[in-house]
Every structure is written in C-alpha cells, then in structure tokens.
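Structural overview for review
Residues per chain, in single letters:
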Amino acid sequence: MIFWHFSVSFLNITLEGTPWTLLSLFYVTLLDVMEKESIDSVALSDDDDNIIAEDVRQLNSTTIKGKKTLKSKVWNFFDILPLGADQKLKSQCKKCGAQYMASSRYGTGNMRRHIKVCKRNDTRDIGQMMISRDTNSLSLGSIQYDSNKFRELVMACIVMHDLPFQFVEWAGIRAIHQYLYPDVDTLTRNTAKADVLKAYQREKLKIKAMFEEVSGRVSLTSDLWSSCISDGYMCLTAHFIDKEWRLQKRILNFCFMPPPHTGVALSEKIFDLLCGWKIEGKLFSLTLDNASSNDVSVEALGSQLQLKGLLPCNGEFFHLRCCCHILNLVVQDGLKHIDRAIEKIRESVKYVKGSHSQVRKQKFLDCVKLVSVGVKKGLRQDILTRWNSTYLMLDSALLYRRAFEHLALSDSNYKSCPSAEEWDKVEKVWRFLQVFYDTTLVFSGTKYPTANLFFPSISQCYLTLKMALEGTDEYLRFMASMMWVKFQKYWADFSVILAIACILDPRYKMTFVELCYKKAHGEDSLEILLVRNKLYSLFDEYKSKSSHPTTTSVSSRPRANEATSYLESMEVESKLDLFKEFDDITSEEFSYAHKSQLELYLDEPKMSRNVNFDVLTFWESHQYRYPELAAMARDVLSIPVSTVASEAAFSVGGRVLDQYRSSLKPENVEAIICTRDWLYGDKDDNEYENTRELMKITQDIMQMSLKEETGEQTTVCSNF
C-alpha cells in the first residue's frame, strides 16, 4: 500500500492533466523497477513496511521522492524493533541484542562499528573461547585494537630487549603487524623515540613522588663507564628503604660525562643531578671505587653538602669505598706469582679443551665414565687478569682429579698432570680463595642489605689471612704475606658505620664486634671504644630530631601508695622527714630504670644465627617499640658496600650503545636505560643473577658432539 500512496501522490504533483493510459503505463513501469530492486534488498514484512512509513512521516514525507528501501548490508545483522513508548525507531543486533537508533537521520555507522566488535559475531574457532577473569567461566571474546596500547607495547619491547628505534620500520615487523591487524598504525623511528621519552618522563615523575614519601635517607653508588667510541658516561644509583621496609634500588641517571674526569668536575656533576631530583638534603652515604679522582670528588661534594648542614654527623659517614674492589685488589696481589701446581692445572684444562683434536676430548670423556665422576659441571678456563676465574678453574678441576690422573696413564701425550702433592696444594689454595670468593658474592647483592654483613664476612677474611701467615705451607704463607699489606691498609681505613650496621643486626650486636676487635687487636683495644662512641653519637642525633619520647621505662609507674593516700585523707599538717627521704629514694630508683632505646636493644638477648632471618622484617616489627633506633637502622642498613648496582647498568649500556648504534644521542641512551630499570628492574636483577650463575657453571664449557665411524651422531657428557 505504501507504493500506491507514494505513486499517486507523485502523479498528482507532477503529471496532473495527463491521459490515464499514459499514467497506467508509468505506474506499471514503476512497479517493475521497485520489484527488481527488492530482490537485492532485505525482505520486509508488513510490519516493517508500516515502520518504514512511520519513519518516513517522522522525516517529513513531503521531501521524499521515492520509496525507502533497506539496501545496507547491516540489516543482515540487525532487526528493526516495533515502536516503543518513546516513538523512536530502533534496531537490535541479531547476535548479542545490542540496540541502536535506526532512523535514517542517524545513519548506519554505529551499527557497522558494532558488527566489528560484537562478542557473538564470530564463532568459527573454538580458540576464541577464553576464560573470563570476572566469572572464571568460559565466555566468547574478541580482540579490540587499541592504538595507544599498541604503541605502549612497542615502546616496552624496545626498552626491554634493547632494540633500536628503527625496529618499528623493519619490513618483517610491519608485515607481522599488518597480518595480525590490517589497519594497524604504521610507526616510524621518530614516533618510537617520542614514546620512549614520554614513558621516561612519566616514570621519572613517579620516582620523584616515591622520594617524597620516603621518610629515611638515601644512599648512593656511582661509577664511570666508557662506550665503544670512548664516550664517558656516569651512572648514579639510589638505594633506600621504602615505607614498607623493602630495600629499593633505582638508577637515577645514566648521563654523558665529558672530559676531563677530574674530582671537581665529578662532584659538580653529581651535585647538579641530585638537585634535579631534589634529594640533596636526604643523603646518607656515597659508595665509590678506589680511583684517586673519586676521593677528591667525594671530599668536595661532602664539603658542599655540609656547608648547608645536610649530612648526619657532619658528613663523617658520607664516603664509603667499594668493598668488592678492595677484595679484588687484595687477592690480585696474592696471585701475582702463580705456583707451578696451578700452572699445571691451567695447562691440563687447555689440553682437554683444545680444539686441535677431538680425540683428546673423547679420551677424557672415557676417563670420566671409567672413574664414575658423578658431576655434570664443566671445566673452566681462567683469565689471567681475573682472580675469580682462577678460583672457578681450580674448583672445576678438583672435581675431575681422578679423571685427569687416569688420563695421564692412558694418554702418553698428556704431560702436565699434577702430582699427588701438587693436587693437595691446589686444594689448599682453592679453600683459601673460597673465603674471598664467597665474601665477594655476599657484597655483590642488591636485593638485600649488605652493610650488616660486611663485618662478619670481612672478619672471616681477616682470620683466614692470619691463619695462613702462621701456617706451614710456604706458598700459602707467601700469598698471605702479599695480601696482608694491602688488607691492613684498607682495614685501617674502613668506615666505622659498617661496624654500627653489624651492631644493628640482632644476631650480632655489640658482642660480635667486640670479639672481632679482640681477635685483631687484643684486649682493651681503642677501636672498640671508638665504635661505641660513634654509635651513641649517631643515635643521639636521631633522638634529637625525633618527635617520639626519648626514653623508655623498663617497668610501669606504680600506683599511688595507699598509706600515703590514707595519711592525706587524715589531713596531716606536717610531713615527716622519713616519708620525704623515702620519696627521694624511690625517685632515684626509677631514674635508673629509665634507659634509652639503644641501651634496651643492646641489653636484649641476641637472636639465633641459624634461623632464616630478615633484618628488615625485624626492624619493621620493632619500629613502634624503638622508633628513633628503627629510623637510624633504616638509613644505615640501606648503605650498599659495593658499586655492583651501577656496574650492572654498564652491561645494559654496552648492548644499547653497540657498534651499530654508537651515534645514539646521550639523552636517548639515558631514557632507555633508566626506563628499563624503573619498569623492569626486578627482571634485570634476576637476569643479572642468573647470568652470574650461568657464567659460574656453563661459561667456557666444552660442547662435544662426536661422530662415530658409522656416521651416526653420538652425544656424550654434553656438559664438557
């Protein structure tokens, strides 16, 4: 009926006065055209015709010149709903039931977009069934493309995996992106760089906010590094304990350091960086290596900070030397003259690991099987300039002692096998170096406090040297004598704050420090008096700046004496001298009962060293009992005893500034390295620890894959 009304209206307007035969012919032709167009359109019911007519009337039907047909493909996915109370034309998705306005004035854009993201639109693959995080049940889902999320992921990929900015322009990467989503945004290297710099600025604001929330002080480590093109860079790392009593490490800057690298230039650079972070008033210590320029720089920086009164105890504990560097220098002096037994071990490892002949390796493997060596650790080749590699070489060779001895019997060309006495000497040297190697590993930690572990560990090294000097082995005595001179030099120059850190560990306290000084300097040494005075002086400074009560009573205050109350109730006119004297004695007794928090802590029994113990957890649980002492412990225990945290960043810098990207701008290098540390610092620490463990076990391991005469590949003892 709509067609008839429409046609008659049209004829009355445009063909008035035309003969009826011509009008009939025109009408028949119009019906044929409309019928052909209806073949390609969505079939409408009578109700749909009425809805369209209603919609036409809503849109001012006097302007419509033809019938309204549904030609769009969206109507294959939507149904037109009957008019509701609001008299608005609406459509409903056939899949999920979502409703949209269907009037022609709104168009079909919203419905087209809904078809692309409809959760129930595509069920072709069961792989689209995903576990719902809200209901823990199976639900249909579809992936929505978010350009901002895509750029964020690309930025994270570049930072996490040390990729160049040009990575986004690689043809292969773009092909993968377009395969996954044809309408993906095409990124350029400038866009990727801008995203990294944006993330760097965003995370930098978060770090600044974190420093504002830190109630304690911040300790620093710093070191210099040269890139592959000899550009100097400075790494400045902050160490602090947050409000939840967790040790935090953040790289603050990895900035370009132009020459000259003098002490004055270094101090000015560090001070400018600290002012940029606004933490110059929250510093406690600065750990540096033993370079002479560092001594000048830390003295100048400490003086500049102390003029403003920004350091505790007048900056007495500000400078700390890297203990790992000290140990390295000490042991290197002892290994300057290698014993013949160690040289034979080195030659034996070279003989077996040499690439000249596979026969040697096969013979050694046969010996390993014959003597039933139940280890999978590989042989290590040492590096002459690294004493720890020599220790690891001895450690691996001792495991295969019987295999080497058997190889000497079966292989006439093997001439460098140590004798039984030389093997015993090698084992003594290995045990001697093990103490220093384990101590270096303890000092290199970044996830736990190391200041409290310095004194127990370095005391073991001290006693080891003393025993070697007093022993009968000539080579060990010679090594110890070479090491003793340098050890004494740095032992006398070590910071007292590390002894205080040991005292703040409830497993050791003052007793262990006193015992170590008695072993080193005898009874009544002046050093222990110096440590005690510095400890109380530092505590008094924290106590003076604290708002908590400065003393703690051992027992609660007694109630009022009933006898006194009785006498007061009797309204005694004059107090007897006996009661006055008694009151004075009582007040004196309670004055002795009041002790400081430090004294109470030292008087308590020590905790067992054999239990799994976390010193930060202890002080977190005792921070309300000892508020001033806990605040002091927070700052002291955050001191790092080595610069390993800063040196670990140089391995990342070497991958960022490699031979292919040596022209990368310093600000971009800093943004990449700092953002990586701030976003993925824990993963990098795990990777660094795993890398050290991997180097310890598998570096320089021989990979043997020998072929038998039949041509079949046989793999035996692949760890060699």
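Scroll up to find the structure this text is about.
The rules we used
- Residues numbered from 1 in each chain as written.
- Predicted model: local features only at pLDDT ≥ 70, side-chain atom pairs only at ≥ 80, totals over all residues.
- Heavy atoms only, no water.
- Helix = DSSP H or I, 4+ residues; strand = E, 2+ residues; numbered from the N terminus.
- Buried < 20%, exposed > 50% of the residue type's maximum accessible area, 1.4 Å probe, protein only.
- Contact = heavy atoms within 4.5 Å.
- Areas by Shrake-Rupley, 256 points an atom, 1.4 Å probe, with all protein chains shown as cover.
- Pairing = 2+ DSSP bridges.
- Axes fitted to C-alpha atoms, helices over the stretch in contact; angles between N-to-C directions.
- Polar contact = N/O pair within 3.5 Å; in protein donor to acceptor, adjacent residues only side chain to side chain.
- Core = buried A, V, L, I, M, F, W, Y, C linked by side-chain atoms within 4.5 Å.
- Salt bridge = Lys/Arg side-chain N within 4 Å of Asp/Glu carboxyl O.
- Phe/Tyr/Trp six-rings, centres within 6.5 Å; stacked < 30°, edge-to-face > 60°.
- Lys NZ or Arg CZ within 6 Å of the ring centre and 35° of its normal.

**Concerning the overall build of the protein chain**
Looking only at helices and strands, one finds 27 helices and 14 strands in the protein chain. Looking at the protein chain residue by residue over its 720 residues, the buried ones come to 42%. Residue pairs at least 24 apart in sequence account for 68% of intrachain contacts in the protein chain once pairs closer than 6 positions are excluded. When the accessible surface of the protein chain is summed, it comes to about 40,400 Å², and 53% of that surface belongs to carbon and sulfur atoms.

**Section: the sheet that holds strand β6 (residues 218-226)**
Pairing is mixed in the open sheet, where 5 strands are placed in the order β8-β7-β6-β9-β10. For this open sheet the edge positions go to β8 (247-256) and β10 (319-321), each flanked by a neighbour on one side alone. On average, each strand axis in the sheet is tilted by 25 degrees relative to the strand beside it, whichever way the strands run. Both strand β9 (residues 283-288) and β10 contribute to a ladder of 3 bridges, which runs parallel. By the bridge assignment for β10, L288 is matched with R321. Docked against the sheet, helix α26 (residues 644-656) engages β6, β7 (232-241) and β8, running at close to 40 degrees with respect to β6.

**Here's the deal with the environment of E422**
You can see E422 is positioned in helix α15 (residues 420-443). Residues E422 and A341 lie 81 residues apart in sequence; the distance between their C-alpha atoms is 5.3 Å. Within polar-contact distance, the side chain of E422 engages the backbone nitrogen of S419 at 2.9 Å.

**Concerning the nonpolar core**
Counting 107 residues, the largest nonpolar core has I497 and W619 as the members making the most contacts within it. Every residue in contact with W619, bar those within four places of it in the chain, is listed here: W245, L504, Y601, Y626, L629, A630, A633 and L637. Residues V154, F240, C255 and M257 belong to the second largest nonpolar core, which totals 63 residues.

**Some remarks on the side chain of D395**
Relative to the helices and strands, D395 is located in helix α13 (residues 387-399). Given the relative accessible area of 14%, D395 is considered buried. Other than its neighbours up to four places away in sequence, D395 contacts K377 and W430.

**A look at the pattern of salt bridges**
What the rule picks out here adds up to 32 salt bridges. Across the salt bridge formed by R532 and E514, the nearest N and O atoms sit 2.7 Å from each other. Of the two residues, R532 is situated in helix α20 (residues 526-544) and E514 in helix α19 (residues 509-521); the sequence distance between them amounts to 18 residues. One salt bridge connects K595 with D603, and the closest N-O pair in it is separated by 3.0 Å. Classification of K595 as partly exposed rests on a relative accessible area of 30%.

**Thoughts on the pairing of β6**
Taken across its 9 residues, β6 has 7 buried, putting it largely inside the fold. Across 4 bridges, the pairing between β6 and β9 is parallel. Within β9, the position partnered with S219 by the bridge is S285. Where β6 and β7 come together, 8 bridges link them in antiparallel fashion.

**A look at the packing of aromatic side chains**
Between two aromatic rings, the relevant description is the distance of the centres plus the angle of the planes. Tallied over the entire structure, the rule returns 34 aromatic pairs. Consider the rings of Y462 and F487, whose centres lie 6.0 Å apart with planes at 40 degrees: the pair is tilted. Taken together, the residues span a long stretch of sequence, with Y462 in helix α16 (residues 451-470) and F487 in helix α17 (residues 474-491) at a distance of 25 residues. Under the relative-accessibility criterion, Y462 is labelled buried at 5%. Overall, F487 belongs to the buried group, its relative accessible area being 3%. Ring-pair connections join several aromatic residues into one group, and the members of that group are Y351, F364, Y400, F404, Y414 and W423. The cationic tip of K204 hangs over the ring face of W277; the distance from NZ or CZ to the ring centre is 5.3 Å. Cation over ring: K509 sits above Y601, and NZ or CZ is 4.5 Å from the ring centre.

Distances and angles like these do not, on their own, reveal function.
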